[in-house]
Amino acid sequence: MYNQIFFTNVLRTLDEQGMTKSELADKAGISVSFLSDLTNGKANPSLKVLDAIARALNTALPALLEITDLDETTMAALMDGQTTQSLPDGYVRLSAVLTPFQAFAVKRWDEENRRKLRR
């Protein structure tokens, strides 16, 4: 299950950053065919590969392993290679290093925005 969550989040991040799988593979130091096998569930990545992919996306690895907020239809579309915008205009997703107080504030903002988006 973590593979599907990880690669759904990777594909979504690729879309949000306007990066191709080929660019990601180059930045992560893996082949495009291996990346394709990973995103299609045909291969299992090592922790080293997961970390390389996260670094190539300039995203914290734990953020890519969190449960996704995408619905099943959007997840299926991403897994099939279809691009889809997962966030409406005016919203961005990012990863940041924060103090505990800053993290508390950001978590509250995140919860508020997710409530707004569910409406």
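None of these values were measured; they are calculated from a predicted model. Residue numbering note: each chain is counted from 1, following its sequence as written. Where local features are concerned, this predicted model is filtered to residues with pLDDT of at least 70; where side-chain atom pairs are given and counted, the filter is 80 or more; whole-chain, interface and lining totals use all residues. Here the side-chain values reflect all heavy atoms present in the structure, with hydrogen atoms and water set aside.

Side note on the nonpolar core
Nonpolar side chains in soluble globular proteins generally cluster together in the buried interior. Heads up, the condition is: The nonpolar core is taken to be a set of buried Ala, Val, Leu, Ile, Met, Phe, Trp, Tyr and Cys residues, with the residues joined through side-chain atoms within 4.5 Å. Categorising residues by exposure relies on relative accessible area from a 1.4 Å probe, with only protein chains included: less than 20% of the type maximum marks a residue as buried, more than 50% marks it as exposed, and the intermediate range marks it as partly exposed. The helix count covers DSSP runs of H or I at least four residues long, the strand count covers runs of E at least two residues long, and both are numbered beginning at the N terminus. Here a residue-residue contact requires only that any non-hydrogen atoms of the pair lie within 4.5 Å.
Grouped together as the largest cluster of nonpolar side chains are 21 residues, with contacts concentrated most on F6, V10, L24, I30, I53 and L57. Mapped by element, the contributors of at least two residues to this core are α1 (2–17), α2 (21–28), α3 (32–39), α4 (47–56) and α5 (61–65). In this structure, F6 is in contact with L50, I53, L61, L64 and L65, ignoring residues within four places of it in sequence.

A word on the packing of α2 against α4
Relative orientation and spacing of two packed helices are given, respectively, by the angle between their axes and the distance between those axes. Basically, it comes down to this: Lines are fitted to the C-alpha atoms to define the axes, a helix being fitted only along its stretch in contact, and any angle between axes, read from their N-to-C directions, falls within 0 to 180 degrees. For any pair of crossing helices, the crossing counts as left-handed if the nearer helix is rotated counterclockwise from the farther one by less than a right angle, and right-handed if it is rotated clockwise. In this classification, the charged set is Asp, Glu, Lys and Arg, the nonpolar set is Ala, Val, Leu, Ile, Met, Phe, Trp, Tyr, Cys and Pro, and all remaining amino acids, among them Gly, are polar.
It is the contact of α2 with α4, at a shortest axis distance of 8 Å, that shows an interaxial angle of 115°. The way α2 lies across α4 gives a crossing that is right-handed. Contacts between α2 and α4 pair L24, K27 and A28 from the former with A52, I53 and A56 from the latter. In terms of residue class, the contact of α2 with α4 is built from 5 nonpolar, no polar and 1 charged.

Re a nonpolar patch on the surface
The criterion, for reference: Without a salt bridge and with relative accessible area above 30%, a residue can belong to a patch; like charges are then joined within 9 Å and nonpolar side chains (Val, Leu, Ile, Met, Phe, Trp, Tyr) within 5 Å. Methods summary: accessible areas were calculated by the Shrake-Rupley approach with a probe of 1.4 Å, and residue burial reflects only the protein chains presented. The salt bridge definition used is simple: a Lys or Arg side-chain nitrogen within 4 Å of an Asp or Glu carboxyl oxygen.
Nonpolar side chains collect at one region of the surface, where L98, V106 and W109 lie side by side and expose about 290 Å² of accessible area between them. Mapped onto the elements of the fold, V106 is located in helix α7 (residues 100–118).

Overview of the packing of aromatic side chains
Think of a pair of aromatic rings as described by two things: how far the centres are apart, and how the planes are tilted against each other in angle. Threshold: Each Phe, Tyr or Trp ring, with Trp reduced to its six-membered ring, pairs with another whose centre is within 6.5 Å; inter-plane angles below 30 degrees give stacked pairs, above 60 give edge-to-face pairs, and intermediate values give tilted ones.
In the structure shown here, the tally under the stated rule is 1 aromatic pair. Relative to F7, the ring of F6 lies with its centre 4.7 Å away and its plane at 90°, an arrangement referred to as edge-to-face.

Notes on the environment of S31
This is how it is decided: Here a polar contact is taken to be a pair of N or O atoms separated by no more than 3.5 Å, where protein atoms must pair a possible hydrogen donor with a possible acceptor and residues adjacent in sequence count only if both atoms sit in side chains.
Tracing the backbone shows S31 in the loop between α2 and α3. S31 gets classed as partly exposed once you look at its relative accessible area, which sits at 37%. Measuring from C-alpha to C-alpha, the distance between S31 and K21 comes to 9.7 Å, with 10 residues separating the pair along the chain. In terms of polar contacts, S31 uses its side chain to reach the side chain of S33, at 3.2 Å.

Considerations on the environment of V32
Locating V32 in the fold gives a position in helix α3. Sequence separation between V32 and S22 is 10 residues, and the spatial gap between their C-alpha atoms is 5.6 Å. Discounting residues that sit within four places of it in the chain, V32 has contacts with S22 and A25.

Digging into the pattern of salt bridges
Scanning the model with the defined rule gives 2 salt bridges in all. Between D51 and R55 there is a salt bridge; the shortest N-O distance is 2.8 Å. Of the two residues, D51 and R55 both sit in helix α4, 4 residues apart, roughly one turn of that helix. With a relative accessible area of 28%, D51 lands in the partly exposed category. Among the ionic pairs, K116 bridges to E112, the shortest N-O distance being 3.4 Å. Of the two residues, K116 and E112 are both situated in helix α7; the distance of 4 residues between them amounts to about one turn of the helix. Residue classification places E112 among the partly exposed positions, given a relative accessible area of 37%.

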